[in-house]
Amino acid sequence: MVLTRTSTDCLTRINSTPIRSHSWHQGIIEVNMGRHYLLLLVLIWPQLANSVELEPGIETYNLGPEAEFLRDESRNLEFTDVVTPELQTKFQALSKDTANFGFNTSAFWFKLPVKSNYTRPTEWVLAVEYSLLDYVDLYYLDDDGTVVSKLGGDRRSFDNRDVKHRYTYFKLRFSPSEGRDLYLRVQTEGSAEIPLKLMSAYQYAAQDHESQFGQGIFVGLMLIMGMYYLIIGIGAKNREYLFYAFYVFALAAFKMTMNGVTMEYVWGDSIWFTNAASALTTPLVFFAAGLYTYVFLDIRKYRYWNYAFIVSLAILGSCAALSLVLPYKFIKVYTLLGLLFDIVLVASSAYCYRKGFKPAKYFMISWFALIAASVVYGLQKFGVLPVTFLSVYSVELSAAFQALTLAVGQTAKINEINRKIRHAQKEALEAQIETNRVTEMMKTKLESLVAERTADLWAKNQEIKVMMDSIKQGICTVDDDLKVKGHYSGFMETILGSESLEGKSLMRIVFEPSQLKADELSLLQTSVKAMIGEDILNFEANQHVLPSSVETKIKDTKVILEFDWAPVANQNDEVGKLLVSIRDVTELYAAREEARSKEEELAKIGKILKLNGSKFTGYIKSCFTLINDSRFHLNSSNPADHWTTVLRNIHTIKGNSRTYGFDEITETVHRLEDYLFSVPKNQISQEVVLNALQGLGEVVDVLNEYREINDHTLERSEAIEAENTLLRVTDFLKELADGGHLREFYHRREVTKLFDRLNYLTNDTFQKALRPLMDSMPSLAEQLGKPCPEVVFEGEDFFISKEGAEKYEDMFVHLIRNSMDHGFQAEKRGRIFIHIEKKGDRRLIKYRDSGKGLNLQKLRIKANESGVDIDLNDDQQVAEQIFESGVSCSEMVTDISGRGVGMEAVKSFVYELGGQVDVELGPELENGFRAFSLIFDVPAPDILKIHASVG
């Protein structure tokens, strides 16, 4: 079949001759060349190949075995290219009845040599009986040497086809004994299935009649079945029949599209929809089949199959929708997904059959047959199987078989349903007979049973009545207006002070006279109305609105009532009414309040008892002294001049109160202190003074509470009076000793012993006076989040008077709190050193700690800001600024220290003792800080002179 002997000159002339193309209706291309070359080509060429010889009496020829083909992967070759010697040598023998290249994007050229052995002119038709080819073009040389081109395929207008048919047909005319080579170019994006036939005009007419008849029978049968099931489905409102009608219509549309029937009779010249329809109907037919299967087998009962079907249907439905916009080549994906879904259909049918659904076997057989046919059809489209009658019409044959099988399956399903109905009717009849027998038997016992149950019910009602009358709570049910319904406990009338409560509203009796506000009452009414008649969940959601206790008036008497609320629901979990339990807890609340008051009093007693009587009395006396001093300054003509003194007094009271653990006093003083420190000196008005005096009054009130407990509850005032009397005796003896009169009554040694004992009883030592401060340090350290520091006393202890002890205590409370608050770090335990040195009749007390030292730079800044007249380069003068009012090295103000009045108070207390205080600077520390000590030079108490007088 390969052209080996030809005229190179001739072929070259053809290739180089210009071609003039006319309109598509003519479909003819003329080649202008020398007649002798064209004649030579026409005479020689057919003789050089094996031709299909047209013999009289044979009406149809299969051109496949005699055809040659050339694959054009570029799809750019033209007729003038393929007749060149170079490409003629590349044609290959087809050697099979039908060319099938599967899904292939290449263009294919077929060379079909034909020779007529007729003695007369004959009419023939070249048939390409596959409707889904995009471009099918025929080229050949006519008798007069003209190159003829005829164009077809579903990408071209249907009305311009050589033969208006769903398949591509080309009309040919052969002269007697004429030989001719036909060149056919085919290009498509779908399955490249190319059946090539040559048939006489008579045979074409006869075959087309039979083909049309067969297609009509198939399409008509499918449409009749679809309409039948559609009418039944609409009439019976049955989704199963509707989905089956949908499937039948989809299958008919699929086959009509694949066979070209829709292109020929439905949308005709619409080129785009002709190609889109085949891509659309492929996933659509599987989608319709899935819907029908889902309903027929009732797949939703099976969890995992239900999920598989929903996902599969979603994918197939999406493919059907997207097929209208995606390229045609995706039809391969649609076909593959459909074949996989067919496996799901068969597997689900087998699963349902195993679960006892007998009609599923017919469904399984029908789908298995359709799957097999679809596989055959698909493999034939992919070019794996040859084109035969069975492979081409496998879907039509299986569809007919499926229709018959599904009809049998539908009948089986109906029979199964009828069987179950008959079985259910039989069971119902047997149950009815048994019911009648039991009813007759129960009638004989009914009267005695009713009498017995009536007696039991009466007894239960009596028990409930006795319980309701005896219980010491109010129990009732209320409607949506909070009106009492039906029975209620007898004690409820006692609680609410009213008789015949049925029908009366708890809103009017209890809640309106209570402390509840108008919006709370409105919310209560609205919430109760929203609960009654609704689901019990509504009660649970709004239960927090219902009051648990109220303070109200019953007959002008103040009472406190507690409530419990519970829903009374019916069988549908709807709240019909509310059960309310009411308790009068007035006396209980009074007892609780009294117990709370006693508990607070006991806590105060415990803190007071930590101090001995004289120590507590001294604390109270000191506080009132400071308060009276502050009142005096506040009532002066110019309180602003004494504002610093007032702040120092208040800060001292707070420090002492915190030291002894009097929290209530500390909090009251701290509130006053916060207010006073918030007022600048230049803004002290009469209103500020009044507020300060009022705050002092609150401090006095809480101090009096503690003094009342000490003097009357604990009755410690007599012991304090005895101690004061002993002090007066001591003073008297001192006067006698000073005058020398005791020499006449006692021996000196005995007098000395007596004075030592009196000193011990009536005076404190220095370390003993500071002991309450030492005891308060652990709680203060815990509050600050730091380790409790170690206090080291060095030197000889000494006696001090009661008055002096209070001053020392006021002085050292500020020192220790400053060290702990902003002197020590949280990571390391600090140490405090107190060294006592005797210097004649005076004492030198040196105080230092292991903290971070003195921030001289910050003190310089504060001194510069305040404008004090000192040498800022003199560290000693800068350090002494810590004793000035408002000066503090702390970074922040706390409720313990940092206000800048503590060190000023220390200096004031030292002066009151008749002493003085100096700052002794030490070495430099980290970050510009400097170590320092405080040196207190104080006189020794007069009590120490007794020995000298006696001696």
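Residues numbered from 1 in each chain as written. Predicted model: local features only at pLDDT ≥ 70, side-chain atom pairs only at ≥ 80, totals over all residues. Heavy atoms only, no water.

- In the nomenclature of an unreviewed UniProt entry, the chain corresponds to Hpt domain-containing protein from the organism Pseudobacteriovorax antillogorgiicola.

### Describing the nonpolar core
- In this structure, F110, L126, L172, L184, I194, L198 and Y247 are the most contacted members of the largest nonpolar core, which totals 85 residues.
- It is helix α6 (residues 239–258) that provides the largest number of residues to this core, a total of eleven residues.
- Both of domain 1 (52–207) and domain 2 (211–417) provide at least three residues apiece to this core.
- Once residues within four sequence positions are removed from consideration, L126 is found in contact with L63, L112, L138, T168, Y169, F170, L172, L182, L184, K197 and L198.
- Membership of the second largest hydrophobic core comes to 43 residues, among which are I800, Y808, M811 and V813. (Core = buried A, V, L, I, M, F, W, Y, C linked by side-chain atoms within 4.5 Å. Buried < 20%, exposed > 50% of the residue type's maximum accessible area, 1.4 Å probe, protein only. Helix = DSSP H or I, 4+ residues; strand = E, 2+ residues; numbered from the N terminus. Domains from an automatic or database assignment. Contact = heavy atoms within 4.5 Å.)

### A closer look at unusual backbone geometry
- Positive phi is not limited to glycine here, since K555 has a value of about 55 degrees.
- Mapping K555 onto the fold places it in the loop between β17 (549–554) and β18 (557–569).
- Note on K555: relative accessible area 66%, which makes it exposed.

### Notes on the UniProt feature "transmembrane region" (unreviewed entry) in the chain
- According to UniProt, the positions carrying the feature "transmembrane region" (unreviewed entry) are residues 213–234, 241–258, 270–297, 304–327, 333–353 and 360–379.
- The span residues 213–234 carries 100% helix and 0% strand; its end-to-end C-alpha distance comes to 31 Å.
- The distance from the first to the last C-alpha atom of residues 333–353 is 31 Å, and the span holds 100% helix and 0% strand. (UniProt positions renumbered as here; feature names shortened; annotations may be inferred.)

### Some words on empty space enclosed by the protein
- With the rule as written, the count across this model stands at eight cavities of 30 Å³ or more.
- Within this model, the largest cavity holds a volume of roughly 320 Å³.
- If you trace the largest cavity, you find 24 residues lining it, with F254, T282, F286, T335 and Y377 closest to the centre.
- Considering every element that reaches the lining of the largest cavity, the biggest residue donor is helix α11 (residues 360–381), with six residues.
- Each residue belonging to the lining of the largest cavity can be placed in one class, and the counts come to 17 nonpolar, five polar and two charged.
- Each of domain 1 (52–207) and domain 2 (211–417) gives at least three residues to the lining of the largest cavity.
- One number sums up the size of the second largest cavity: a volume of about 80 Å³.
- Lining the second largest cavity, in full, are K615, G618, Y619, S622, C623, N656, Y660, E806, E809 and D810.
- Sorting the residues of the lining of the second largest cavity by element identifies α19 (613–634) and α27 (802–822) as the ones contributing at least two each.
- Looking at which element gives the most residues to the lining of the second largest cavity, the answer is α19, with five residues.
- Its residues placed into classes, the lining of the second largest cavity shows three nonpolar, three polar and four charged.
- Here the lining of the second largest cavity spans two domains, and each of domain 4 (610–713) and domain 5 (758–887 + 899–939) adds at least three residues to it. (1 Å grid on protein atoms, 1.4 Å probe; cavity = no way out; pocket = protein on both sides within 12 Å on 5 of 7 lines; lining within 4 Å. Points joined across faces, edges and corners; volume = space filled by probe spheres on them. Nonpolar A, V, L, I, M, F, W, Y, C, P; charged D, E, K, R; others polar.)

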